[in-house]
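Now for the letters of each chain:
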Amino acid sequence: MATAKGIRVADLANELKMTPAELAVTLNDLGVNIDGPATMLDEETARTVREVLTQPKIAEISAGSTVREVAEALSMPVNTAVKKLMEFGQLIAPNQRLDARMAEKLAAACGYVLRVKTEARIEPKPAPVAHRGPAGTMQPRPPVVTIMGHVDHGKTSLLDIIRKANVAEGEFGGITQHIGAYQVEVEHEAQKKRITFLDTPGHEAFTEMRARGASVTDIVVLVVAADDGIMPQTIEAIHHAQAAKVPIVVAINKMDKPDARPDRIKQQLTEHNLVVEEYGGEVIAVPVSAKSGEGIPELLEYILLVAEVQQLQASPSGHAIGAIVEASVEPGRGAVATVLVQGGTLRIGDCIVAGPAYGKVRAMTNDRGEKLQKAPPSTPVEVLGLNAAPAAGDTVEVVKNEKEARQTAERRMSRARTERLGGQTRRLTLDDLSRQALEGIVKELNIIVKGDVQGSVEAVVGQLNKLNENRPDEEVRVSVKLSGVGSISESDISLAVATGSIVIGFNSRPDPSAQRAAERDGIDVRTYNIIYDLTEDIERAMKGLLAPVFEEAALGAARVLQRFQTSRGVVIAGCTVTDGKLVRGAEVRILRNKQLLYTSRIDSLKRVKDDVREVAQGFECGLTIENWSDVQPDDVLECFEMKQVERV
Ligand code: GDP
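Residues numbered from 1 in each chain as written. Predicted model: local features only at pLDDT ≥ 70, side-chain atom pairs only at ≥ 80, totals over all residues. Heavy atoms only, no water.

Let's talk about the overall build of the protein
Looking only at helices and strands, the protein features 17 helices and 34 strands. Of the contacts formed within the protein by residues at least 6 apart in sequence, a portion of 70% connects residues at least 24 apart. Surface accessibility of the protein: about 31900 Å² in total, with carbon and sulfur atoms responsible for 48%. (Helix = DSSP H or I, 4+ residues; strand = E, 2+ residues; numbered from the N terminus. Contact = heavy atoms within 4.5 Å. Areas by Shrake-Rupley, 256 points an atom, 1.4 Å probe, with all protein chains shown as cover.)

Remarks on the site of the ligand
In the vicinity of the ligand there are 15 residues, among which Asp152, Thr156, Ser157, Asp256 and Ala290 approach most closely. For the ligand, an oxygen atom lies 3.0 Å from a polar atom in the backbone of glycine 154. A distance of 2.5 Å is found between an oxygen atom of the ligand and a side-chain nitrogen or oxygen belonging to threonine 156. Considering the ligand on its own, with 570 Å² of exposed area, one finds that the protein chains cover 71% of that surface. Considering each element in turn, the shell around the ligand owes the most residues, three residues, to helix H7 (residues 155-166). Considered class by class, the residues forming the shell around the ligand number two nonpolar, seven polar and six charged. (Near = heavy atom within 4 Å. Polar contact = N/O pair within 3.5 Å; in protein donor to acceptor, adjacent residues only side chain to side chain. Nonpolar A, V, L, I, M, F, W, Y, C, P; charged D, E, K, R; others polar.)

Observations regarding a nonpolar patch on the surface
Residues Leu30, Val52 and Leu53 make up a contiguous nonpolar surface patch of about 210 Å² in total accessible area. As for its position among the elements, leucine 30 is in the loop between helix H2 (20-29) and strand S3 (40-41). (Patch = residues over 30% accessible without salt bridge, like charges linked within 9 Å, V, L, I, M, F, W, Y side chains within 5 Å. Salt bridge = Lys/Arg side-chain N within 4 Å of Asp/Glu carboxyl O.)

A short note on the sheet that holds strand S8 (residues 181-188)
Strand order across the open sheet formed by six strands is S8-S9-S7-S10-S11-S12, with mixed pairing between neighbours. With partners counted over all chains shown, the strands left at the sheet margins are S8 and strand S12 (284-287), one partner each. Neighbouring strand axes in the sheet, compared pairwise and without regard to direction, differ in orientation by 30 degrees on average. Summarising the sheet, strand S11 (residues 248-253) and S12 pair through four bridges and their orientation is parallel. If you follow valine 249 over to S12, its bridge partner there is isoleucine 284. Taken strand by strand, H7 contacts strand S7 (144-149), S8, strand S9 (191-198), strand S10 (219-225) and S11, and its axis lies near 60 degrees from that of S8. Across the sheet, helix H9 (residues 232-243) touches S7, S10 and S11, and the angle it forms with S10 is around 165 degrees. (Pairing = 2+ DSSP bridges. Axes fitted to C-alpha atoms, helices over the stretch in contact; angles between N-to-C directions.)

A closer look at the pairing of strand S29 (residues 587-592)
Consecutive residues of a regular strand have side chains that alternate between opposite faces of the sheet. Burial runs high along S29: six of the six residues are buried. Burial along S29 is two-sided: the face carrying Glu587, Arg589 and Leu591 and the face carrying Val588, Ile590 and Arg592 are both buried. Note that S29 and strand S30 (residues 595-607) share six bridges and pair antiparallel. What sits directly across from leucine 591, in S30, is leucine 596. (Buried < 20%, exposed > 50% of the residue type's maximum accessible area, 1.4 Å probe, protein only.)

Overview of unusual backbone geometry
Even without being glycine, glutamate 189 reaches a positive phi, approximately 50 degrees. In this structure, glutamate 189 sits in the loop between S8 and S9. Since its relative accessible area comes to 57%, glutamate 189 is described here as exposed. A positive phi angle, close to 70 degrees, is found at serine 378, a residue other than glycine. Along the chain, serine 378 falls in the loop between strand S20 (374-375) and strand S21 (380-386). The class of serine 378 is buried, set by a relative accessible area of 2%.

Side note on the pattern of salt bridges
This model, assessed by the stated rule, comprises 20 salt bridges. With a closest N to O distance of 3.5 Å, lysine 581 and glutamate 614 form a salt bridge. With a gap of 33 residues between them, lysine 581 in strand S28 (residues 571-583) and glutamate 614 in strand S32 (residues 614-616) connect regions that are remote in the sequence. Residue lysine 581 is classed as partly exposed on the basis of its relative accessible area, which comes to 28%. Judged by its relative accessible area of 35%, glutamate 614 falls in the partly exposed class.

Quick notes on the environment of alanine 107
Secondary-structure assignment places alanine 107 in helix H6 (residues 100-109). Along the sequence, alanine 107 and alanine 81 sit 26 residues apart, while their C-alpha atoms lie 9.5 Å from each other. Every residue in contact with alanine 107, bar those within four places of it in the chain, is listed here: Leu74, Tyr112 and Leu114.

Regarding the packing of aromatic side chains
In this structure the tally under the stated criterion is two aromatic pairs. Positioned over the ring face of phenylalanine 640 is arginine 589, at 4.3 Å from the centre of the ring. (Phe/Tyr/Trp six-rings, centres within 6.5 Å; stacked < 30°, edge-to-face > 60°. Lys NZ or Arg CZ within 6 Å of the ring centre and 35° of its normal.)

Here we look at the side chain of glutamate 382
The topology assignment puts glutamate 382 in strand S21. Note on glutamate 382: relative accessible area 9%, which makes it buried. Not counting residues up to four positions away in its chain, the partners in contact with glutamate 382 are Ile179, Arg333, Val336, Ala337, Thr338, Ala363, Met364 and Thr365.

A closer look at helix H11 (residues 296-310)
Its 15 residues give H11 an end-to-end C-alpha distance of 21 Å, which sits within 8% of 21 Å, the value for a rise of 1.5 Å per residue. Listing the buried residues of H11 in full gives Ile296, Leu299, Leu300, Ile303, Leu304, Val306 and Ala307. Looking down the long axis of H11, one finds its buried residues gathered within 160 degrees of arc, a one-sided arrangement. Downstream of H11 by a residue or two, glutamine 311 has a phi angle that is positive, lying close to 50 degrees. (Expected span 1.5 Å × (residues − 1). Arc of directions from axis to C-beta.)

Here we look at a negative patch on the surface
Negative charge collects at one region of the surface, where Glu189, Asp256, Glu294, Glu298, Glu301 and Glu308 lie side by side. Under the relative-accessibility criterion, glutamate 308 is labelled partly exposed at 36%. (Lys, Arg positive; Asp, Glu negative; His and termini not counted. Charge placed at Lys NZ, Arg CZ, Asp CG, Glu CD.)

Some points on the nonpolar core
Residues Leu158, Ile162, Ile195, Phe197, Leu299 and Ile303 are the most contacted members of the largest nonpolar core, which totals 28 residues. Only S7, H7, S8, S9, S10, S11, S12 and H11 provide two or more residues apiece to this core. Per-element tally for this core: the top contributor is H11, with seven residues. Excluding anything up to four places from it in sequence, leucine 158 contacts Ile147, Val223, Ala251, Asn253, Val288, Ala290, Ile296 and Leu299. (Core = buried A, V, L, I, M, F, W, Y, C linked by side-chain atoms within 4.5 Å.)

Looking at the confidence of the model for the protein
Averaged over all residues, the pLDDT of the protein equals 81, while 84% of them reach at least 70. Across the protein, S11 holds the top mean pLDDT of 96, while strand S1 (residues 2-3) sits lowest at 54. Contacts from residues 118-130, a stretch scored under 50 in pLDDT, to residues over four places away or in other chains number 22 contacts. Throughout residues 169-174 the model reports pLDDT below 50, and contacts reaching past four residues in sequence, or to other chains, amount to three contacts. (pLDDT = per-residue confidence, 0-100.)

Next up, the structure:
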């Protein structure tokens with residue numbers, strides 16, 4: 001009761017619908033110590049307490065947050081949030097997104113006012129890298145070249161011979177390091193010029209980098225073996241380069257071979273819109289041999305000519321931006337990333353963000369193993385200091401400080417997560433697929449099958465199709481995107497990336513380059529030699545793909561005989577179990593005159609003085625209910641649990 005002198009702790013607690021013990025915590029926070037519920041508080045203190053406790057708590061979330069993220073913002077366990085949502089008639093899994101209306105409802109139920117940060121604060125997708133330095137600082141920069149072509153036409157050999165012939169031997173002991181890209185120096189019109197080569201030949205890497213927003217390549221060298229001709233991957237490479245609007249220089253390789261027929265190649269090129277100069281076109285075709293070295297200096301000359309026409313420029317001034325060429329985590333060194341600087345100058349000590357990774361440049365090494373203090377445009381450097389390995393093609397930028405770097409990286413990760421939840425990602429593992437479809441996002445389980453012999457491939461595909469036939473009503477279906485005989489190759493992985501598939505090998509394993517590609521691209525490759533294991537895994541994933549069904553399972557009921565309150569203010573319901581059993585930790589509904597008051601959880605359960613896990617029918621017990629102290633004699637407590645029912 002309030003008097004002129006003030007108010008008792010117990011009365012104020014009653015007024016604020018809380019226990020004296022709970023009020024004591026708030027008072028303690030305010031620096032007021034009390035002896036017990038009878039302590040008198042002056043009016044001023046009481047007013048402050050009322051203000052503090054009636055003021056809404058504010059929680060902030062981003063639009064599109066998941067249940068887990070909202071629960072975190074509301075400082076509540078995620079399971080409690082899921083249960084609360086069920087009470088609102090919403091079955092939403094922890095990693096599913098919560099719409100703003102439901103998030104607000106959930107927050108209100110916990111005494112919070114929710115602020116939803118709008119989409120505008122979510123960072124936009126990084127735009128393709130563009131860098132302009134201050135006026136007058138633009139300078140010519142070395143061209144960046146990617147070598148493409150059909151398998152075995154000599155891409156790797158060509159990269160090797162160019163590197164060997166043009167890295168100044170002696171000066172650095174001729175030591176070259178594989179860092180995913182290298183630079184050579186060439187005499188051109190009595191001047192020393194540099195060319196940067198990306199060391200990952202093939203159009204998959206090129207396209208993959210483009211897909212991530214990095215237009216790194218200025219010139220494509222298309223390798224065609226003079227003794228072979230235009231092959232499927234040659235055509236693909238032409239398409240990829242043309243799609244990216246990157247000029248092509250053709251290297252007609254293996255000219256040392258007796259059966260080399262360069263004219264036939266030139267003729268064939270014309271059929272693919274690459275008309276060489278001799279036929280009145282503008283495409284340069286250079287006969288070379290990666291074996292003898294014939295034609296290599298001319299090839300480099302032509303590359304520089306094409307670069308001149310393009311007038312490639314960049315400013316070495318200002319903070320660097322660039323792209324990741326390759327990255328991995330190495331024991332003892334941490335994340336090792338090759339960065340191709342595209343504009344500005346990268347320096348030791350710079351704080352950088354690379355895709356979802358961030359850090360401070362601790363050390364920089366070029367392809368000759370030299371330690372660098374700074375790296376100007378078109379320079380590939382191996383960088384130490386990132387917290388994780390980004391993906392090839394991720395953009396790299398220098399930011400003000402480590403805090404900004406971390407925050408930008410975190411925003412990107414959160415965006416990636418949102419996109420993943422939105423089903424926009426292409427890269428998945430079987431577990432991911434299973435989880436995503438559990439959340440209702442994925443309806444198709446895409447699979448690429450490789451097997452040792454035609455018979456086994458057919459058997460596997462037959463069994464997988466049977467999974468669909470056996471479950472005609474299910475929403476989630478298996479879709480075989482490709483099946484074939486042989487080991488799992490890099491191009492299988494590319495297709496998996498393009499189609500969002502997992503790759504299954506039956507008595508077939510990935511070759512080393514496919515293994516690397518799968519690791520790089522996060523493709524799930526699973527190998528089996530027992531067909532039953534294979535179909536069982538897929539079937540289990542499909543089951544996981546189906547939306548979960550929760551069912552309420554009644555455990556028991558009790559009647560409240562008496563309400564106790566401990567000296568510390570904890571409210572205990574003294575009950576008799578009238579039906580089934582009560583279980584500690586289980587859900588409980590509180591009913592008064594058959595009216596539902598609240599649904600919560602049995603926090604603690606005691607028989608006489610001992611803590612127990614459960615109490616059976618006919619016994620008396622004392623219990624506390626999470627977040628609920630208003631118990632009265634004759635209240636009915638219904639105890640139940642929510643069970644996920646597995647679909648069969
Ligand atoms: P990639 O698959 O395009 O990278 O091709 P590689 O560089 O691995 O070369 C495939 C095969 O062709 C290897 O056995 C090389 O030794 C051989 N090769 C490459 N270039 C030449 C060349 O100019 N002349 C001859 N005779 N063989 C070559």
